[in-house]
Amino acid sequence: EISYLLTQIRAIMKVYDAKLTVYSFDTQVHAQEAYEVKQATQIRFERIGGGGTRFQSIFDFLHQQHATNNDTLAVILTDGWGEAKLEPYRFSNVLWVLTTERSELSVTNLQTRVASLADDPNYQKIKTTN
C-alpha cells in the first residue's frame with residue numbers, strides 16, 4: 001500500500017515542480033528519519049516504524065513546527081484507521097489519501113479533504129495480487 005501511495009506522489013512530482021519533506025509516522029512522527037525530495041527519483045520506498053496509528057502525533061508535530069495553513073500542506077497517506085477525535089490546533093490544510101473507502105477514515109471532527117484509492121483500478125490490481 002505504501003509503495004503504491006509513494007508511486008502516486010512520484011507521478012505528481014513529475015508534473016509539478018515542488019519540494020516536499022517526507023515524514024513517516026505511526027504512534028509518533030519519526031522526524032529523525034525525515035528527508036527532503038526535490039525530484040521524483042528521490043522518494044524512498046522503505047518502511048519506518050510500524051504498529052498502531054495515532055494521527056494526533058502529526059498535528060502535534062505540525063504545531064511544534066509552527067506550521068500554518070498558509071505555508072504547509074500535509075498529505076497523509078494512510079488506511080484511515082486511527083482515533084476518532086483530534087486536536088488540529090486550527091490546522092486544516094490537509095489532504096488525506098486513503099487506501100480504503102472515504103467512510104473508513106476514523107477521524108470525525110475535521111473539515112479537510114479526503115481522497116480514496118478504493119476505486120482506483122491500478123491499486124485494485126496490486127491489492128488483489130498481495
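In case you missed it, the structure is sitting above this.
Summary of the structure given here.

Scoring rules and cut-offs
Residues numbered from 1 in each chain as written. Predicted model: local features only at pLDDT ≥ 70, side-chain atom pairs only at ≥ 80, totals over all residues. Heavy atoms only, no water. Helix = DSSP H or I, 4+ residues; strand = E, 2+ residues; numbered from the N terminus. Rg over C-alpha atoms; globule rule 2.2 N^0.38 Å. Buried < 20%, exposed > 50% of the residue type's maximum accessible area, 1.4 Å probe, protein only. Contact = heavy atoms within 4.5 Å. Core = buried A, V, L, I, M, F, W, Y, C linked by side-chain atoms within 4.5 Å.

## A look at the overall build of the protein
So, step 1. Within the protein one finds 3 helices and 5 strands.
So, step 2. Scanning the protein from its N terminus toward the C terminus, one meets helices and strands in the order α-β-β-α-β-β-β-α.
So, step 3. The globule rule puts the C-alpha radius of gyration for 130 residues at 14 Å, and the 14 Å found for the protein is close to it.
So, step 4. In terms of overall dimensions, the protein has a C-alpha envelope of 40 × 35 × 25 Å along the principal axes.
So, step 5. For the protein, with 130 residues in total, the buried portion stands at 36%.
So, step 6. Here the contacts in the protein between residues at least 6 apart in sequence split such that 47% fall between residues at least 24 apart.

## Re the nonpolar core
So, step 1. Counting residues in each nonpolar core, the largest one holds 17 residues, and the members touching the most others are Phe59 and Trp96.
So, step 2. Those elements that provide at least two residues to this core are helix H2 (56-64), strand S3 (74-78) and strand S4 (94-98).
So, step 3. A per-element tally of this core places H2 first, with 4 residues.
So, step 4. Those residues in contact with tryptophan 96 that sit more than four places away from it in its chain are Phe55, Phe59, Ile76, Thr78, Leu86, Leu105, Val107, Leu110, Thr112, Arg113, Val114 and Ala115.
So, step 5. Grouped together as the second largest cluster of nonpolar side chains are 13 residues, Val37, Ile43, Leu117 and Tyr123 included.

## Considerations on H2
So, step 1. Burial of H2 is extensive: 7 of the 9 residues sit out of reach of the surface.
So, step 2. Buried within H2 we find Gln56, Ser57, Ile58, Phe59, Asp60, Phe61 and Leu62.
So, step 3. At its buried positions, H2 is contacted by S3 and S4.
So, step 4. Within two residues after H2, histidine 66 carries a phi angle of roughly 60 degrees, on the positive side.

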